Amino acid sequence: MSPPSTVNKAAEKIMFHFNTLLRAFIIASFITLPLPGWSFPFLSDQSAPSIKVDLIPQIVRSVSMINQYYYASSRVKPLKMLQEGLYSLSKRIPELLIEFPDENQNSFKVSLLDKTKTLSYDTPQKLADILQPVSDVFNFINETYKGDVKSDDQQYAFITGILKPLDPHSNLLTPDMFKEFQTQTSGEYGGIGIVIGLKDDDLTVISPIDNTPAQKAGVKAEDKILEIDHLSTVNMPLSEAVERLRGKVNTNVLLKLSRKSTDPWEINLTRKKINIESVTSKVTTFGNKTIGILSIKNFQEDTFMDMDQELKKMKETHKLDGLVLDLRNNPGGLLDQSIQVADRFLESGDIVLSVAADDQIEKAPATPDSQDDITTPMVVLVNEGSASASEIVSGALKNNNRALVVGNTTFGKGSIQSLYPLRDGASIKLTIAQYLTPGKESIQAVGITPDIRLYPMLIADDTFDIWDDKPFKEASFDEHLENTKYTKVSKPTYNLPYLQLEKKQEESQYVSKIDEQSDYPLSFALRLLSQFKTANRTTMIPEAKSVVEMEEKSQDKAITMVLEKKGINWHTDTASDTSSINIDVSSRFTEKDTGKEVAELKGGREYTWTITINNKSTAISRVIGVVDSENPIINQKEFVFGRVDASSKKEASVHFKVPPEMMNFNENTKISLFSDSKDLLSTRVSTVFKEKDKPLFAYKVSYKDGGASGLVGNANGIPEKGETVRLDVTIKNISKTVPGDVIMNLSNTNSEDNVNLKTARLMLGEILPNAEKQGSLVFSIGQAYNKDKLSLTLSAVDKETKAGFADDITFNPLDSKKAQINPVAGVYEIQPVITISESTLQPGGKKVHLTGTVSDDQNLKDITIYAGGKKVYYSASATGSTTPNLTFETMVPLDEGANILTIQARDGRNLSSVKNLSFIGEAPTLSDNKTP
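Residues numbered from 1 in each chain as written. Predicted model: local features only at pLDDT ≥ 70, side-chain atom pairs only at ≥ 80, totals over all residues. Heavy atoms only, no water.

### Digging into the overall build of the protein chain
Then comes step 1: What the protein chain contains, in helices and strands, is 13 helices and 51 strands.
Then comes step 2: Burial analysis of the protein chain (932 residues in total) assigns 53% to the buried set.
Then comes step 3: Considering only intrachain contacts with a sequence separation of at least 6, the fraction spanning at least 24 residues in the protein chain is 70%.
Then comes step 4: Element-wise, carbon and sulfur atoms account for 46% of the exposed surface of the protein chain, whose accessible area totals about 40800 Å². (Helix = DSSP H or I, 4+ residues; strand = E, 2+ residues; numbered from the N terminus. Buried < 20%, exposed > 50% of the residue type's maximum accessible area, 1.4 Å probe, protein only. Contact = heavy atoms within 4.5 Å. Areas by Shrake-Rupley, 256 points an atom, 1.4 Å probe, with all protein chains shown as cover.)

What follows is the structure in structure tokens.
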């Protein structure tokens, strides 16, 4: 079946998605294009007769879809996609290791337990060529593998890998994931009203949604979610986080949050049905002008109708002298709604262009209507959170000279995706085209550049954020899509920094109503509109000059005064010359509790980092130091010096706490100094972070079914259908470290129906070395439970260091006569102990020599090492052996920048331990101070 005849018609059905690879939205929707059939034309060639299609039907179909519909054929690199697919597959099957040689030898080694095979292949010239080696791998697995990972799940893992090099928005939706998106689309769910995502590997609030529990409680964009119902979110999959946040209406969820310059705190939220109010409005006066404000939060089914009604209401009661269209933090939505919104303010011109793989451009023109508002002066507010559909609207109004765009450069999501089904409810999402503004300028990875760029200078009690940092955007993604033919990077006509003072913690950071008094960008937009006389952007730009200049002076004065109160002289010396600056820079760390200077920064402790400038030359003004680090704890920290007089020294400090779970991390950290925003000097400082000693636990269980209050059963100690069971757990601290607050949890591993967790969480508190604490967890198994096997997950974790264990408690079958219960009652289970003997960074910083041992109280199963998420080493005990100790030695390749190495060891029951190491690949040596 041929592709859709027109991209534009099909695209009218497609949802925009903001960061869909790493971010899960509370509201999202996918609507598929016309679907091709199941034929595989590239397999008709007799040159590949040994491909076993029946082993890999999902993969074959995915390859077919990529060949037919993917937008950027130049990004389809078969060999890289083959490698990424196989690496992803090896992560899904614990016992599988895939090794490609460093040289191009046209072969790779596949190892599965004690079986190893070297597979040869011809360098793939087209994507279909990868099917032969993939078929060989799956045939090998089919003959050798006896584990629990099903065939479809194996194929899903491989497909996830081959899509990874394409772009961040082309990815796989497994049946569960697709069902989740359908749930999001329906709106029939209980939630707290936040958009979340993974940022720097932390679960992060992208945006709270207006009039929801999270927004009303003051949850803020960029807040980190540390725990959900006392469960740590470290390494928690995004899909699991969304599932835990969502639940039945009127049930509660407890979050632990952290925010920059604020200690972590807990907040208890009650889930509600999330109904998004897409449009809010307000009429206000500024000077002698009456100005309307329309705020659009997203583009959903009724957005245009709601906006049109609000606009008509405002005009019925007021004669508007100006209009603000606020699209800040609008992640997008339905294309047709964005086109209709833009069309309401245009009578001619193009609204948006789409370009497909064949470079054919199609246009969506504005249509004249008697209701169009084309005469009211208009300002569009945007920021880095404005994406997709909101970028189409702002781009259309800017390029057609209908409105002045004010704010920060938008996110840059201008690609179009469509879903193609596999089978059993799975789908792949592929980028099929991209959008352009009417000026044939790409939105993708560029965004809409405002005419007047606003950026805040935050001055808090003990934190500065006055340097103009680069926010996270589409271009921040690895493998982000670009089309250089249409990429035109423009600059704002004006740049305006403004003062932002942090509000008190008890005050809500977000309010549902429009508040122009405390919202500087909005009040600035009103000030602009009070001066505009026409609705033409080309006229507005010069008219805005006097307003910008006045505000620039006013804001600069306000910033200078606030800094002066903090003892920082921020007055500028226009006569200062930085061309022959001679300064020395020194650094020291002091521990908050002791005040002593330290060389190592230990997990769980607070420090002050002080930078001293020794100026041996003329005075320099507005000096600021900015940290550029691979370590997110200190990255973008700012040292604000202000004026540094001639022949004098000046100090500036920042304060931070090293998280208790911090791993060892050594870096020659770069600090850049600027004077009046001009490059002054760069230097490097050695920063050595040391992990805190972590506890190690052992545990034993017993089972009680009946014979006690609240329990139902025959009291034979064997959980069965129809019984309420108490799981008595003893946790022992077998380390020398004292965990501050141990939490024990029982979870329903596979979300099985008719299994009810009655008591699933206990706070055990402190457990001294060699001491024990006990707790009881209760669950019931319904008579209607329709499986013979039941698996629950028992976990215990130290809240501070995140150290602990998670282990499966299995009952197979649920039959007292044949029952096999694992673990056995009354026997201590102990995690494997990982000891690193050597971790030496090799010359050049491209490899690490890693050796160590693993020991356990019973048989060890295997050791796996990951680097950057890629499995690089696997070793297993010999079949049938009783091995309480294993050694490992390997050379681990490093990527440039920060690398996280993870060593995982499992015993015969799959009880595991994990140890993380960090290294800087191709680390720069500590250099002398250098001026640009």
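Don't stop here, the text continues.
### So, the sheet that holds strand β48 (residues 870–876)
Then comes step 1: Ordered in space as β48-β47-β50-β51, the four strands form an open sheet in which the pairing is antiparallel. Each edge of the open sheet is held by one strand with a lone partner, namely β48 and β51 (912–921). Along the sheet, successive strands turn relative to each other by an average axial angle of 15°, direction set aside.
Then comes step 2: When strand β47 (residues 860–867) meets β48, the two strands line up antiparallel, connected through six bridges. Bridging across to β48, Ile863 finds its partner in Ser875. (Pairing = 2+ DSSP bridges. Axes fitted to C-alpha atoms, helices over the stretch in contact; angles between N-to-C directions.)

### Structural notes on the packing of helix α12 (residues 520–529) against helix α13 (residues 537–565)
Helix-helix packing is described using two parameters, namely the angle between the two axes and the distance between the axes.
Then comes step 1: At their nearest, the axes of α12 and α13 sit 10 Å apart, and the two run at 140° to each other. Between α12 and α13, the crossing angle belongs to the class labelled oblique. As α12 runs across α13, the sense of the crossing is right-handed. Here α12 contributes Tyr520, Phe524, Arg527 and Leu528 to the contact with α13, which in turn contributes Ala544, Val547, Val548, Met550, Glu551 and Gln555.
Then comes step 2: When its residues are assigned to classes, the contact of α12 with α13 shows seven nonpolar, one polar and two charged. (Parallel < 35°, antiparallel > 145°, perpendicular 65-115°, else oblique. Left-handed = near helix turned anticlockwise from the far one by under 90°. Nonpolar A, V, L, I, M, F, W, Y, C, P; charged D, E, K, R; others polar.)

### Considerations on the sheet that holds strand β46 (residues 847–855)
Then comes step 1: The three strands lie next to each other as β45-β46-β49, forming an open sheet whose pairing is antiparallel. Edge positions in the open sheet fall to β45 (833–841) and β49 (885–893), since each of these has one partner strand only. In this sheet, neighbouring strand axes are inclined to one another by 15° on average, regardless of whether the strands run parallel or antiparallel.
Then comes step 2: Looking at chain direction, β46 and β49 are connected through nine bridges and run antiparallel. Counterpart to Lys847 in the pairing with β49 is Pro893.

### Comments concerning unusual backbone geometry
Glycine aside, residues mostly have negative phi angles, and peptide bonds mostly take the trans form.
Then comes step 1: With omega at 0°, the peptide bond leading from Asn812 into Pro813 counts as cis.
Then comes step 2: Relative to the helices and strands, Pro813 is located in the loop between β42 (804–811) and β43 (821–822).
Then comes step 3: Across the junction of Asn822 and Pro823, the peptide omega takes the value 5°, indicating a cis bond.
Then comes step 4: Tracing the chain through its elements places Pro823 in the loop between β43 and β44 (829–830).

### A few points about the environment of Arg622
Then comes step 1: Within the secondary structure layout, Arg622 lies in strand β30 (residues 620–628).
Then comes step 2: Here Arg622 falls in the buried class, since its relative accessible area comes to 13%.
Then comes step 3: Put simply, Arg622 and Val644 are 22 residues apart on the chain and 8.1 Å apart in space, counted from C-alpha to C-alpha.
Then comes step 4: Apart from the residues lying within four places of it in its own chain, the contact partners of Arg622 are Asp556, Thr560, Trp570, His571, Thr572, Gly642, Arg643, Phe674, Ser675 and Asp676.

### Some remarks on the side chain of Gln155
Then comes step 1: Position of Gln155 relative to the elements: it lies in helix α5 (residues 151–163).
Then comes step 2: Within polar-contact distance, the side chain of Gln155 engages the backbone nitrogen of Gln58 at 2.9 Å.
Then comes step 3: If near-sequence neighbours (up to four positions away) are discounted, Gln155 is found in contact with Leu55, Ile56, Pro57, Gln58, Ile59 and Phe138. (Polar contact = N/O pair within 3.5 Å; in protein donor to acceptor, adjacent residues only side chain to side chain.)

### Some points on the confidence of the model for the protein chain
Then comes step 1: On average, residues of the protein chain score 85 in pLDDT, and 87% of them reach the 70 mark or higher.
Then comes step 2: pLDDT under 50 marks residues 1–41. Its contacts with residues more than four places away, or in other chains, come to 131 contacts.
Then comes step 3: Every residue in residues 44–48 is under pLDDT 50, and counting partners more than four places away or in other chains gives one contact. (pLDDT = per-residue confidence, 0-100.)

### Notes on the packing of helix α10 (residues 335–343) against helix α11 (residues 389–399)
Then comes step 1: Between α10 and α11, the least distance of the axes is 9 Å, while the angle of their chain directions is 25°. The orientation of α10 with respect to α11, classified from their angle, is roughly parallel. Handedness of the crossing formed by α10 with α11: right-handed. Side by side, α10 and α11 meet where Leu335, Ser338, Val341 and Ala342 of the first sit next to Ala389, Ile392, Val393, Ala396 and Leu397 of the second.
Then comes step 2: Its residues assigned to classes, the contact of α10 with α11 shows eight nonpolar, one polar and no charged.

### A closer look at the layout of surface pockets
Then comes step 1: Within this model, the second largest pocket holds a volume of roughly 470 Å³.
Then comes step 2: Taken together, 19 residues line the second largest pocket, and the ones lying closest to its centre are Tyr455, Met457, Pro497, Arg622 and Ser677.
Then comes step 3: Of all the secondary-structure elements, those providing two or more residues to the lining of the second largest pocket are β23 (452–459), β25 (494–500), α13 and β30.
Then comes step 4: The leading source of residues in the lining of the second largest pocket is α13, at four residues.
Then comes step 5: Here the residues of the lining of the second largest pocket sort into 10 nonpolar, three polar and six charged. (1 Å grid on protein atoms, 1.4 Å probe; cavity = no way out; pocket = protein on both sides within 12 Å on 5 of 7 lines; lining within 4 Å. Points joined across faces, edges and corners; volume = space filled by probe spheres on them.)

### Digging into the packing of aromatic side chains
Then comes step 1: Applying the stated criterion across every chain yields a total of 17 aromatic pairs.
Then comes step 2: A ring pair is formed by Trp609 and Phe639, whose centres lie 5.2 Å apart and whose planes are at 85°; its orientation type is edge-to-face. Placement of Trp609 in strand β29 (residues 606–615) and of Phe639 in strand β31 (residues 638–644) is noted, with a sequence separation of 30 residues between them. As far as the burial class goes, Trp609 and Phe639 line up, both buried.
Then comes step 3: Between Tyr699 and Phe805, the aromatic rings sit 4.8 Å apart at their centres with planes inclined by 10°, giving stacked as the arrangement. (Phe/Tyr/Trp six-rings, centres within 6.5 Å; stacked < 30°, edge-to-face > 60°.)

### Regarding the pattern of salt bridges
Then comes step 1: Here the structure, examined in full by the defined rule, presents 40 salt bridges.
Then comes step 2: Between Lys799 and Glu266 there is a salt bridge, with the nearest N and O atoms lying 3.7 Å from each other. With a gap of 533 residues between them, Lys799 in the loop between β41 (790–798) and β42 and Glu266 in strand β12 (residues 262–270) connect regions that are remote in the sequence.
Then comes step 3: Residues Asp326 and Arg328 are paired through a salt bridge, measuring 2.8 Å at the closest nitrogen-oxygen approach.
Then comes step 4: Salt bridges sharing partners connect three or more residues here, namely Asp308, Lys312, Arg344, Asp369 and Asp372. (Salt bridge = Lys/Arg side-chain N within 4 Å of Asp/Glu carboxyl O.)

### Details of helix α9 (residues 303–317)
Then comes step 1: Between the first and last C-alpha of α9 there are 22 Å, a value that for 15 residues agrees with the 21 Å anticipated at 1.5 Å per step.
Then comes step 2: Burial in α9 covers these residues: Thr303, Phe304, Met307, Asp308, Glu310, Leu311 and Met314. Taken around the axis of α9, the buried residues stretch over an arc of 165°, which confines them to a single face. More than 90 degrees from the buried face of α9, the exposed residues found are Glu316 and Thr317. (Expected span 1.5 Å × (residues − 1). Arc of directions from axis to C-beta.)

### Some remarks on helix α2 (residues 57–69)
Then comes step 1: If you check α2, its first and last C-alpha atoms are 18 Å apart, about what 13 residues at 1.5 Å a residue would give, namely 18 Å.
Then comes step 2: In terms of burial, α2 is largely enclosed, as 11 of its 13 residues are buried.
Then comes step 3: Those residues of α2 that sit buried are Pro57, Gln58, Ile59, Val60, Arg61, Ser62, Val63, Ser64, Met65, Ile66 and Tyr69.

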